[in-house]
Structure formats: C-alpha cells, structure tokens
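Report on the structure
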Amino acid sequence: MASSPDKAGHAAMGHFPVDHGEVLIGGIPVTRLARRVGQTPFYAYDRRLMTARVDQLRARLPQAIHLHYAIKANPMPAVVCHLAGMVDGLDVASLGELRVALDTGMAPTRISFAGPGKGDHELMAATAAGVMVSLESEGEMERLARIADETGIRPRVAVRVNPDFELKRSGMKMGGVPSPFGVDAERVPAMLRRMGETGLDFQGLHIYAGSQNLRPDAIVEAHELTLELACRLAAAAPAPVRWLNIGGGLGIPYFPGDAPLDPGPIGDHLAARLPAVKKNLPHAEIIMELGRYLVGEAGVYICRVIDRKVSKGRTFLVTDGGMHHHLAASGNLGQVVRRNYPVVIANRMGDAVQETVTVVGPLCTPLDRLADTIDAPRAIPGDLVLIYQSGAYGFSASPHGFLSHPAPVEVLV
Ligand SMILES: *Cc1c(COP(=O)(O)O)cnc(C)c1O
C-alpha cells in the first residue's frame, strides 16, 4: 500500500484502485455498485481488504500471539462472520454483540465479554453461553458469583485492570486516570484474593490501555508496561494466568499528516519479550484485541450529490448522506478539532481539480459537514461522494434517528 501523502496531506488511499475514473470497491466500479445496492447512501466493506489486513498483521506478529476482533468497531453480522473465520477469538461488549458472535459459530471459549455496567441478564447470558467474562468491578464480581451459585455453572472470568499507565499519544486514553473501565491496578490483588473464595473460575487478566494510536514506540512502551503489570498481578491470583489480553490500540490514518502505522516494531518487541513472559506465566495465552485496525480501512461510505449551491462565494455540495450516518467523519464523535477524513468524488477520479467545495448533508444543523473546503473536480447532482477509512465506528456509531431521514444500507463485497 502506497503511503506518500497526497496534496491535501492525507495518506494515499491506494488500497481501493481506480479504473476509468471510478473507485473500485471489491473490484466493482462505484456507480455500478450504487446501482446494485439500490440506494444511496450506503456503507461498503471490502472482504479482500480485511483478509489482507489480517494476513499482513499475522506475518509481523509472533505466531504465539492470538488475534481477537473487537466487534464494536463494526458489528455487521456478515463482517463479523467473515472475520470469525480468520481470527482466534471475538470480543463483545453487549448482549447484542454476544448474539452476533455466537451466531458465527465461534467456540464460546474463544469469546470474551467486557464492558462496564453489564446487567444481571447479560452476566446470566454470558454464563449460560460459556464465554469469558471480563470483570469491570468488585461489585460485578459479586453479582456474577451469585449467578454461579444459582446456576451451578462456573463462569470463566478475567479481571479487567485499569492500568497505572497510559498509552501515550492515543486517540482515546484508557489508562492512568480515574476510569469506569476495569479495576484500578492497586485494588486488583485484594479482588483476586476474594475471588478465590467464590465459585468463579479465574482465567486471567485484561489490560487495555488505549485506542487509535499511530506510534509504534508508544504501543511498544504500553506493551512493556502491560506485561510487567500482568506478571506482578499474577502473584496474587487464585489460579495460574491462562489468558492474558494485552489490548491493542493500533490506529489507522484519518487526517492530513497521519501516516500508516508500521506494526513491525510491535511484533519485534513482543517476539523479544515472549520468552520471559512464558517463564513467568507458563500457561498464558497472549491475546491482542483489535477493532479499527482490522476493518477501518476496508470500508467506505458513499452518498450522492443532491444540490450545488453558492453562498457568499463558497460552493456547497449538498448530499443525501451526513452526520446521522457517519458521525465520526462529521467531526462530532469525540474530536476536539474538526478535520477532514479523506473524501473524493468517486466517479470523477480522472477529472482535474477545478474548485474548492464544502460537502454537507441534508440535516438542519451546521454540524452536518462531511468535508470542509476540499479541492475537487467539478461535481454535479447525481455524482457520488466517497469517504474512505469508514469501516470502523461508522454505521453503528452514528445517530440514525436524528432528523428522521432513512438509515443507510451496509454491504460486504
Ligand atoms: C473498543 C475496544 C477495543 C477496540 O478498539 P480499537 O481501537 O477499535 O482497536 C478493544 N478492546 C476494548 C476493551 C475496547 O473497549
């Protein structure tokens, strides 16, 4: 994949080829795909790109590292099914995701359930299914212990640790601060001692330090601290650590200036550290859980130009898609500063750049912006606007009900 920045400073999006002026998705020209889908807007996910991503990553990681897919990045059942055939396990964060994961046929022993605020019905479902429960608090442990007594089933559990360090320069910090996620590292030993008095089947530890990171050195540092912390906490455990989830956090380039992450140094570091970990934790299976990195670059969002208008010298392309479908691209999913995702006129890739336009959606709010003053060929109503890097936290992370327009369609091609 080419990685030199284009004129706007976005990383090259060469993973979707262009032919006769059209972006190809799964080998299909975008206008033909739009006809096949039967409507705009829609999300399209390219299965070959997901397969290639898993293969490339596995080639750079030690064989002993197990790869899990965190479903919340893209829970479309067809996508989860496709990935289930390639990864070693699935991570879910709700009962709905648990159902999708079980539907794939993945063995329950290879599914884990994390997330704060799991209800008793969710703990019961996880227990009945036989999946691993990542405990987020002492209170949750006590509730699950009661379910174990009531059902006579011994749930397999891990303790999710709120680490005493952070993944530096992350899109989202998940460690080193007061957190609803996991149990503060210094409280874990007491929790593990208490667990020994319950009917819970201790399996291991879950340490997740951050998300959307493009710096291999920062991820390596977090892994180093994660492995140290795990070895320290294992001393207080009621049983050997068999399951050690070291998180993930591998990011993808979204904005001008972002360069693709090279996972090479991450794999090299793990390869160097594994012999010592094996010595300290001889029964532990080591897991990396990834969402965005496996699916984010394989997806695009496509909408249609409905209108062109000029206001006080600025040209607006008004489309049938917007923030209600793709909150992240509009800059409203946790971003501090709004920056453009890579956006193109997907059926005019061969045309010369002619103008600067702002791409908006149909919602009556100034928040509904998909691209702010980008250089583009001249687009007219009927043309297709495409947003790259839309395979993760797109469809399911957007407020479809806002303004009561129809929801987009999703296809896997
Ligand atoms: C969200 C989440 C992930 C996936 O994060 P990505 O940035 O999409 O890779 C993994 N583990 C846990 C615990 C999460 O909450």
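**Things to note about the domain arrangement of the protein chain**
Taken domain by domain, the protein chain consists of domain 1 (5–46 + 297–412) and domain 2 (75–290). On a C-alpha basis, the centroid separation for the pair domain 1 and domain 2 is 34 Å. Taken together, the contact pairs 17 residues of domain 1 with 13 residues of domain 2. The tally of links from domain 1 across to domain 2 stands at 0 salt bridges. Inspection of the region where domain 1 meets domain 2 yields 3 residue pairs in polar contact (both at pLDDT 80 or more). At 3 residues, the largest contribution of residues to the side of domain 1 that touches domain 2 is made by strand β22 (residues 409–412). Residue composition of the side of domain 1 that touches domain 2, grouped by class: 8 nonpolar, 6 polar and 3 charged.

**Observations concerning helix α6 (residues 138–151)**
If you check α6, its first and last C-alpha atoms are 20 Å apart, about what 14 residues at 1.5 Å a residue would give, namely 20 Å. Those residues of α6 not exposed but buried are Glu140, Met141, Leu144, Ala145, Ile147 and Ala148. All buried residues of α6 lie within an arc of 160° about the axis, which places them on one face of the element. Away from its buried face, by an angle of more than 90 degrees, α6 presents the exposed residues Arg146, Asp149 and Glu150. The inward-facing, buried residues of α6 abut α5 (120–129), β8 (132–135), β9 (156–162) and α7 (188–195). Phi for Gly152, located one or two positions after α6, is positive at around 75°.

**Things to note about the site of the ligand**
Taken together, Ala70, Lys72, Arg160, His206, Tyr208, Ser211, Glu289, Leu290, Gly291, Arg292 and Tyr393 make up the full set of residues adjacent to the ligand. Interatomic distance of 2.6 Å between a side-chain N/O atom of Tyr393 and an oxygen atom of the ligand. Of the residues in the shell around the ligand, the class split is 4 nonpolar, 3 polar and 4 charged.

**A few points about the packing of helix α2 (residues 47–60) against helix α3 (residues 77–84)**
Close contact between α2 and α3 brings their axes to 10 Å; oriented N to C, the two are set at 35°. Between α2 and α3 the crossing geometry is right-handed. Between α2, through Arg47, Met50, Thr51 and Val54, and α3, the contact on the second element is made entirely by Val79, His82 and Leu83. Residues of the contact of α2 with α3, tallied by class, amount to 4 nonpolar, 2 polar and 1 charged.

**Here we look at the nonpolar core**
Of all hydrophobic cores here, the largest spans 128 residues; its most connected members are Ile25, Tyr69 and Leu90. In terms of residues, this core owes the most to one element, helix α8 (residues 216–234), which gives 9 residues. The contact partners of Leu90, leaving out residues within four places of it in the chain, are His68, Tyr69, Ile71, Val80, Ala84, Ala101, Thr104, Met106, Arg110, Ile111 and Ser112.

**What about the packing of α5 against α6?**
Two elements in contact, α5 and α6, have axes separated by 10 Å at closest approach and are oriented at 55°. The orientation of α5 relative to α6 falls into the category oblique. Here α5 runs over α6; the crossing is right-handed. Contacts between α5 and α6 involve Asp120, Leu123, Met124 and Thr127 from the former and Glu140, Arg143, Leu144, Ile147, Glu150 and Thr151 from the latter. Considered class by class, the residues forming the contact of α5 with α6 number 4 nonpolar, 2 polar and 4 charged.

**Some remarks on the packing of aromatic side chains**
For the structure shown, the criterion picks out 7 aromatic pairs. Consider the rings of Phe16 and Tyr388, whose centres lie 6.1 Å apart with planes at 35°: the pair is tilted. A residue pair is termed long-range when its members are at least 10 positions apart, and Phe16 in the segment before β1 (18–19) and Tyr388 in the loop between β21 (384–387) and β22 qualify at 372 residues. No difference in accessibility class separates Phe16 from Tyr388, as the two residues are buried. Ring geometry for Tyr254 and Tyr341: centres 4.9 Å apart, planes at 40°, overall tilted.

Criteria and thresholds
- Residues numbered from 1 in each chain as written.
- Predicted model: local features only at pLDDT ≥ 70, side-chain atom pairs only at ≥ 80, totals over all residues.
- Heavy atoms only, no water.
- Domains from an automatic or database assignment.
- Contact = heavy atoms within 4.5 Å.
- Salt bridge = Lys/Arg side-chain N within 4 Å of Asp/Glu carboxyl O.
- Polar contact = N/O pair within 3.5 Å; in protein donor to acceptor, adjacent residues only side chain to side chain.
- Helix = DSSP H or I, 4+ residues; strand = E, 2+ residues; numbered from the N terminus.
- Nonpolar A, V, L, I, M, F, W, Y, C, P; charged D, E, K, R; others polar.
- Expected span 1.5 Å × (residues − 1).
- Buried < 20%, exposed > 50% of the residue type's maximum accessible area, 1.4 Å probe, protein only.
- Arc of directions from axis to C-beta.
- Near = heavy atom within 4 Å.
- Axes fitted to C-alpha atoms, helices over the stretch in contact; angles between N-to-C directions.
- Left-handed = near helix turned anticlockwise from the far one by under 90°.
- Core = buried A, V, L, I, M, F, W, Y, C linked by side-chain atoms within 4.5 Å.
- Parallel < 35°, antiparallel > 145°, perpendicular 65-115°, else oblique.
- Phe/Tyr/Trp six-rings, centres within 6.5 Å; stacked < 30°, edge-to-face > 60°.

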